[in-house]
Amino acid sequence: MTFPYIPSFFRKKDERLKIFPLICTILIIVFSISGFLHSLFSPDTKRQNYENNTQYYFDQYANQLFLSQLSGDALSLHFFLQKPEEMGLTEIPSSLGEYTYKSMTESQQAFINEINTLKTFPYEDLLPNQKITYDLILKYFSNQLDFSDLCLCSELLSPTTGFQAQLPVLLSEYQFASKKDVEQYLVLLSQIKTYFSQICEFQTLKAEHDCFIGNTAVENIVAQCKDFLNQKNAEENLLFSSFSKKIQMVKGLSRKEKEAYIQRNKQMLISSVFPAYENIISTLTRLKEQGYCKNPNGLYYLKNGQDYYEYLVKNLTGSSKSPLELKAQIQTQIASDIRTLYSLLTVNPELEETIYQNSKNTLSPQKILEELEMKSSSDFPALKNIPYKIKYVDQSLENYLSPAFYLSPPIDTPNNNIIYINNSKNFEDQDIYATIAHEGIPGHMYQTNYFSSTQPLPIRQLINYGGYTEGWATYVEFMSYNYEYSDKQLARALACSASYSLALYSLCDIGIHYEGWTLENTIDFLKNYNIDDSSVCQSIFQAVVEEPGNYLQYYVGYLEILSLKDFVKKQTRGQFDLQKFHKALLSLGPADFDTIKKWILYEYNK
């Protein structure tokens, strides 16, 4: 019997973005707690709720970390806390923070200070949930120590997940609960021009040190910025229409005041936001014309590029494995998926044709979520109805944002869950059912709300590990084929196909950024899997070049979750309970996988 070629299952895996509002400090989180330990030991009646002083002091420390981080970033603060004054933050920041080479190179000492402070707490005196937080924070700070020496390899701009692509969505979702929120928003808009100037200065510095991005990346970012600007008429822009709509809902404002705010917003767009995007366009174009686009390939070809990639992968995935160890793990999974696919096709050769039919699910996103909630209920711990809204990406952003993404709510107002869907024709062949599972239930929205229901320390919700969050969403996405299709062989084949596809992207990621693959090397690699369409190969290569480590968040996270499941199965000796495993993993929340493995059995057996 002749087996079909495996590449017939190959489908491009478009990244799905979970937008986290902590955007002005995407790569460096510096907590400043000067004088904190001095003030920590003041009398407080709340200490009676703790078994010892160490437990009390640790919670105070963790909460101060949370507040001090948000105190320098107005946009992040708004998305994490709707009522910051209730947590003791009375001075509201009015800027986006700082994005400079100086702040990056000085970050190392800040991390060292925090590690030293953390180690003053006697670990054995802490409660289990505090020990988990301690382990997580210590690992996180330790992982950041290398950043200051590698920061010129970092990149804030990219066509899909870059700051300039995310900002319009975040600003359009900036909620106005009061007149004060409106005033803060307008101040924030006035700061965008300055913040983008810092980004452009950093791009120039990168160029001068031969760390600038390639021609195609520049062209894609410039095109994205131009699409956002679209027309010179400010009233046609997303940030004008979204503001005008939101201002009508603010209580206590007269019609005249609302109109005045609309005009102030328009003026801020013209004087700050639009010039900021024009500065990105002109700076990148100028650097390109001056010949600084010297590297069309991956990080490997930059000074310290391999070291930076190791740092990036560790932080994005939460895995302690080296890139080459991850490569071996991925290759093992690919081989397993291929064997499974061949086995399924041997038994049922018609499966291949069924997969190629690409029959679209006709249910609405709301109906899909209802069905997923019902069908997945036996596999995952119960969670009360999650309030949410389905929204659609503005046309000016469709060509550059992901097929869908989830926007998490503020910590103190968990009801504002939003799932964005991109109606671009580029994604018309996407499986909307699997996409909704990834972003909604039992994916990001369910995952976020379940962890919030455990009432973790706020700092836990501030530090994100993409490997955990995206790994979970990928894991449940692959499970969702069982909920979508009654034919279990078809469901299994689709899951293997999706895993196989994402694995190829992940191997390309390591090859391009860590081993120095060029386009030609990438084409040769993909030919081994019978992918020989030059346009497809070029697309894969460029997507990976522009987003180093991004696909590994999804796939390495997924593989680490599978490894954790195998670990718990072995330890429970035939008594494994899938729902209990999911509950334990969800309760631990975003963390590196070494910390999760250390505590998974504790949570499982609670």
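To keep things clear, this report deals only with the structure shown in the data block. Throughout this document, residue positions are counted from 1 along each chain, in the order its sequence is written. Two thresholds apply to this predicted model, a pLDDT of at least 70 for residue-level local features and 80 or more for giving and counting side-chain atom pairs, whereas whole-chain, interface and lining totals are computed over all residues. Just so you know, side-chain values use all the structure's heavy atoms and leave hydrogens and water out.

1. Some points on the overall build of the protein
To keep it simple, the criterion reads: Under the DSSP-based scheme used, a helix requires at least four consecutive residues in state H or I and a strand at least two consecutive residues in state E, with every element numbered from the N terminus. Using C-alpha atoms as the atom set, the radius of gyration is obtained and then compared with a globule rule of 2.2 Å times the number of residues to the power 0.38. Burial here depends on accessible area, computed with a 1.4 Å probe over protein chains only, as a share of the maximum for the residue type. Under 20% is buried, over 50% is exposed, and the range in between is partly exposed. Residues are treated as being in contact if the distance between any of their heavy atoms lies within 4.5 Å. Residue exposure ignores everything except the shown protein chains as possible cover, and the areas themselves are Shrake-Rupley values with a 1.4 Å probe. Two residue types count as positive, namely Lys and Arg, and two as negative, namely Asp and Glu; His and chain ends fall outside the count. Every charge is mapped onto a representative atom, which is NZ of Lys, CZ of Arg, CG of Asp or CD of Glu.
Scanning the protein from terminus to terminus reveals 26 helices and 3 strands. Computed over the C-alpha atoms, the radius of gyration of the protein is 24 Å, within 12% of the 25 Å expected from 2.2 N^0.38 for a compact globule of 606 residues. Structurally, the protein occupies a C-alpha span of about 75 × 60 × 50 Å along its principal axes. When burial is assessed residue by residue, the protein has 58% of its 606 residues classed as buried. The long-range fraction of contacts in the protein, counting pairs at least 24 apart against all pairs at least 6 apart in sequence, stands at 81%. In the structure as shown, the protein presents an accessible area of about 25400 Å², 48% of it carried by carbon and sulfur atoms. Of the side-chain charges in the protein, 54 are positive and 68 negative, and the distance between the mean point of each set is 5 Å.

2. Considerations on the pattern of salt bridges
Where we set the bar: What counts as a salt bridge is simple: a side-chain nitrogen of Lys or Arg found within 4 Å of a carboxyl oxygen of Asp or Glu.
Throughout the structure, instances matching the rule amount to 16 salt bridges. A salt bridge links Asp 592 to Lys 139, with the shortest nitrogen-to-oxygen separation between them at 3.2 Å. Here the residue Asp 592 occupies a position in the loop between helix H25 (578–588) and helix H26 (593–604), and Lys 139 occupies one in helix H6 (residues 128–144), the gap between them amounting to 453 residues. The class of Asp 592 is buried, set by a relative accessible area of 2%. Between Glu 155 and Lys 206 there is a salt bridge; the shortest N-O distance is 3.6 Å. Highlighted residues: Glu 155 in the loop between helix H7 (147–150) and helix H8 (163–172) and Lys 206 in helix H9 (residues 179–208), separated in sequence by 51 residues. Looking at Glu 155, the relative accessible area reads 26%, which means it is partly exposed.

3. A word on helix H2 (residues 53–70)
Stated formally: Expected helix span is taken as 1.5 Å per residue step, with the number of steps being one fewer than the number of residues. What qualifies as a polar contact is a pair of N or O atoms within 3.5 Å, subject to a donor-acceptor requirement within protein and to the restriction that residues adjacent in sequence count only when both atoms come from side chains.
Taking 1.5 Å per residue as the helical rise, H2 with its 18 residues ought to reach 26 Å, and the 26 Å between its terminal C-alpha atoms agrees with that figure. Judged by how many residues are buried, H2 sits mostly within the fold: 14 of 18 residues are covered. Structurally, the start of H2 carries an N-cap: the backbone nitrogen of Thr 54 is 3.1 Å from a side-chain oxygen of Asn 52.

4. As for helix H20 (residues 466–484)
Put simply, the rule is: One axis fitted to the seven residues ending at a residue, another fitted to the seven starting there: the angle between these axes is the bend at that residue.
For H20, built from 19 residues, the straight-helix expectation of 27 Å at 1.5 Å per residue is met to within 8% by its first-to-last C-alpha distance of 26 Å. The sharpest bend along H20 comes to roughly 30°, located at Phe 478. Burial analysis of H20 places 18 of its 19 residues in the buried class, which makes it a mostly covered element.

5. A short note on the packing of aromatic side chains
As a reminder, the rule being used: Each aromatic pair joins two rings of Phe, Tyr and Trp (for Trp, the six-membered one) with centres within 6.5 Å, and gets the label stacked for planes under 30 degrees apart, edge-to-face for over 60, and tilted for any other angle.
Evaluated as defined, the whole model comprises 39 aromatic pairs. Between Phe 58 and Tyr 61, the ring centres sit 6.4 Å apart and the planes meet at 45°, which makes this aromatic pair tilted. Remark: Tyr 61 and Phe 58 occur in helix H2; sequence separation between them is 3 residues, near one turn of the helix. Tyr 61 shares its class with Phe 58; the two are buried. For the ring pair Phe 576 and Tyr 604, a centre distance of 6.4 Å and an interplane angle of 10° mean the geometry is stacked. Residue Phe 576 is found in the loop between helix H24 (550–572) and H25, and its partner Tyr 604 is found in helix H26; the two are separated by 28 residues along the sequence. Linked through ring pairs, Tyr 99, Phe 163, Tyr 195, Phe 196, Phe 202, Phe 228 and Tyr 277 together constitute an aromatic cluster.

6. Describing the pairing of strand S3 (residues 417–421)
This is how it is decided: For two strands to be treated as a pair, DSSP must find no fewer than two bridges joining them.
Counting buried positions along S3 yields 5 of 5 residues, so the element is predominantly enclosed. Examined bridge by bridge, strand S1 (residues 388–392) and S3 share 5 bridges and lie parallel to one another. Bridge pairing in S3 places Ile 390 opposite Ile 419.

7. Notes on the packing of helix H13 (residues 305–317) against H24
Condition: Throughout, an axis means a line fitted to C-alpha atoms (over the contacting stretch in the case of helices), and angles, computed between N-to-C directions, take values from 0 to 180 degrees. Should an angle fall under 35 degrees it is called roughly parallel, over 145 degrees roughly antiparallel, and 65 to 115 degrees roughly perpendicular, with every other angle called oblique. Each helix crossing is assigned a hand: it is left-handed if the near helix lies turned anticlockwise from the far helix by less than a right angle, otherwise right-handed if that turn is clockwise. Under this grouping Gly is polar, as are all residues other than the nonpolar Ala, Val, Leu, Ile, Met, Phe, Trp, Tyr, Cys and Pro and the charged Asp, Glu, Lys and Arg.
Remark: H13 packs on H24, axes separated minimally by 9 Å, with the N-to-C direction vectors making an angle of 50°. As judged from the angle between their axes, H13 and H24 are oblique. Considering only the axes of H13 and H24, their crossing is right-handed. Residues Tyr 309, Val 313, Leu 316 and Thr 317 of H13 pack against Asn 550, Leu 552, Gln 553 and Val 556 of H24. Residues belonging to the contact of H13 with H24 are distributed by class as follows: 5 nonpolar, 3 polar and no charged.

8. Details of the side chain of Asp 592
From its side chain, Asp 592 meets the backbone nitrogen of Asp 594 in a polar contact 3.3 Å long. Ignoring any residue separated from it by four or fewer positions in sequence, one finds Asp 592 in contact with Leu 136, Lys 139, Gly 318 and Tyr 465.

9. Side note on the sheet that holds S3
With respect to topology, 3 strands assemble into an open sheet ordered S1-S3-S2, the strand pairing being mixed. At either margin of the open sheet sits one strand with a lone partner, and together these are S1 and strand S2 (404–407). The average angle at which neighbouring strand axes cross in this sheet is 20°, direction not considered. Taken together, the 4 bridges between S2 and S3 define a ladder with antiparallel strand orientation. Following the sheet pairing, Ala 404 is matched in S3 by Ile 421. On the sheet, helix H16 (residues 365–375) packs against S1 and S3 and is oriented at approximately 140° with respect to S1. Its contacts with the sheet put helix H17 (residues 432–439) on S2 and S3, and the angle it makes with S2 is roughly 20°.

10. Concerning the environment of Ser 587
With respect to the secondary-structure elements, Ser 587 resides in helix H25. Assessed through its relative accessible area of 16%, Ser 587 is described here as buried. Linking Ser 587 and Gln 455, residues 132 residues apart in sequence, is a C-alpha distance of 9.7 Å. Those residues in contact with Ser 587, other than ones at most four positions away along the chain, are Tyr 450, Phe 451, Thr 454 and Glu 603. A polar side-chain atom of Ser 587 sits 2.7 Å from the main-chain carbonyl oxygen of Lys 583.

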